[in-house]
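Now for the letters of each chain:
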Amino acid sequence: MSSINTPLPVRRVIPPVPVLSLAAFAGGRHAALPSLLDGADARLVTSGRIAIGLALRALGVGAGDVVLVPAYHSPSMIPPAHWCGAEVAFYRVRPDTAPDLADIETQLAKGSVKAILATHFFGIPHDLAPLRALCDRHGAGLVEDCAHAFFGARDGVPVGSVGDYAIGSTMKFFPIYEGGCLVSRRHRLDVTLRGAGAGFEMKAALNALEAAFAYGRLPVLRMLLALPLRLKSALWNARKARSDGGATTPALAPSSSDSSFEFDARWADKRSSWFSRAVLRCVSPARIVARRRRNYVELQRALDGAPGCRPLFPRLPDGACPWMFPLLVDRPQAVFETLQRAGVPMTRFGAALWPGVDASVCPNSADLGRHLIAFPCHQALDDAERAWLHAQVRQALETCAAVPA
Ligand SMILES: *Cc1c(COP(=O)(O)O)cnc(C)c1O
């Protein structure tokens with residue numbers, strides 16, 4: 001509702017996820033925190049959900065088995081269990097997202113639980129030792145879901161080292177188009193992967209570069225690649241036109257790269273692209289950890305005292321490398337819509353839960369899903385972008401708090 005007199009808000013779109021820049025390669029190899037890949041047998045696949053499927057399969061999960069999943073979750077965590085033939089049951093989480101051990105114990109006592117998924121939400125590592133002990137007592141496997149915690153440690157215990165297997169979603173932490181990992185510090189991985197073909201390799205590389213170009217990064221490379229990229233678009237369109245004409249061409253890349261929750265089993269044995277693997281090897285892990293921590297703390301400080309909200313975690317623990325900054329908001333819908341109009345990237349993690357998972361299953365999960373808005377704190381945000389983000393969020397909170405309910 002803007003009148004002639006009120007100027008439209010400046011709509012500055014900032015990258016919602018890490019994008020490539022030259023700076024990504026500077027900053028050193030030695031991160032302050034361990035990574036999932038340190039000291040582990042690892043396989044680089046095309047998504048975190050594929051890695052969950054492979055982890056469950058490695059634990060021997062099959063028909064008739066039950067996999068326990070947190071009631072607070074990403075819907076992408078469920079289909080991998082179904083792919084193994086198992087059923088999914090949900091366990092409660094505490095208000096800070098930690099697993100509710102009493103509820104897990106009750107469900108373990110039923111006897112058919114073969115594996116448990118435990119998630120370090122938003123990159124804040126849980127102490128999983130008590131859950132590990134429970135699993136050992138009942139003969140259940142433990143898969144550590146480190147999709148939000150590629151780096152980190154709790155009390156000196158690195159993320160990913162407590163579970164039989166751990167999974168990561170490398171595309172949440174690195175400037176890549178596709179990527180996930182299956183790791184284990186406890187077992188040898190019996191998983192053989194193969195390349196997904198030249199079309200996929202090309203798409204993975206070009207999409208990562210185009211994401212960077214779209215936000216003004218790598219301008220020189222953008223100029224050099226202008227012609228080849230136009231050729232690519234022409235080829236892509238020709239390919240699409242062919243497939244629209246009847247015969248279906250298989251997708252060049254998995255849907256997991258397009259913010260869908262689907263599980264596509266055709267990608268279960270595919271290796272992550274050459275480009276993604278090269279980026280993982282070449283960008284600075286020290287910079288990722290340091291910047292994400294700095295950006296998180298800075299945003300928390302910028303929102304200090306803002307009305308109608310509180311951070312999910314009162315402080316960022318020393319051992320954490322955050323995925324995003326989770327904020328609990330009293331009037332989430334109004335704030336969300338205001339920020340969406342301004343072009344602020346956000347994730348309402350848990351707003352969409354698996355069908356049937358509601359407050360009767362886990363009141364805390366329903367509450368988190370309703371009130372939580374997560375904001376980017378990734379390493380690629382520059383000074384101006386972060387200042388803009390802080391101002392937008394603060395302003396939306398103040399505006400929405402001032403309107404009578
Ligand atoms: C994103 C996510 C996954 C799946 O990762 P993808 O790489 O998107 O397949 C698993 N668990 C959690 C908690 C996630 O947020």
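Residues numbered from 1 in each chain as written. Predicted model: local features only at pLDDT ≥ 70, side-chain atom pairs only at ≥ 80, totals over all residues. Heavy atoms only, no water.

Trainee: So, the pattern of salt bridges: which residues are in play, and what are the values?
Mentor: When their charged atoms lie close together, side chains carrying opposite charge are able to pair. Under the criterion given, the structure shown has 15 salt bridges. When the shortest N-O distance is used, the salt bridge between R370 and D367 registers 3.7 Å. Here D367 and R370 lie together in helix α10 (residues 363-371), a separation of 3 residues that amounts to about one turn. Classification of D367 as partly exposed rests on a relative accessible area of 40%. (Salt bridge = Lys/Arg side-chain N within 4 Å of Asp/Glu carboxyl O. Helix = DSSP H or I, 4+ residues; strand = E, 2+ residues; numbered from the N terminus. Buried < 20%, exposed > 50% of the residue type's maximum accessible area, 1.4 Å probe, protein only.)

Trainee: Would you mind going over the environment of A208 in detail, with residue names and values included?
Mentor: Structurally, A208 is set in helix α5 (residues 198-214). Among the residues examined, A208 registers a relative accessible area of 5% and is labelled buried. Separated by 104 residues in sequence, A208 and I104 place their C-alpha atoms 40 Å apart. Look past the residues within four positions of A208 in its chain and what remains in contact with it is P175, I176, Y177 and F275. (Contact = heavy atoms within 4.5 Å.)

Trainee: Lay out the sheet that holds strand β11 (residues 324-329) with the relevant residues and their values.
Mentor: Reading across from one edge, β10-β11-β12 is the order of the 3 strands in this open sheet, with antiparallel pairing throughout. Two strands in the sheet have a free side with no partner beyond their single neighbour: β10 (309-311) and β12 (372-376). Pairwise comparison of adjacent strand axes, ignoring direction, gives a mean angle of 35° for this sheet. Both β10 and β11 contribute to a ladder of 3 bridges, which runs antiparallel. Of the residues in β11, the one forming a bridge with P311 is L327. Those strands touched by helix α9 (residues 332-342) are β11 and β12, and its axis lies near 30° from that of β12. (Pairing = 2+ DSSP bridges. Axes fitted to C-alpha atoms, helices over the stretch in contact; angles between N-to-C directions.)

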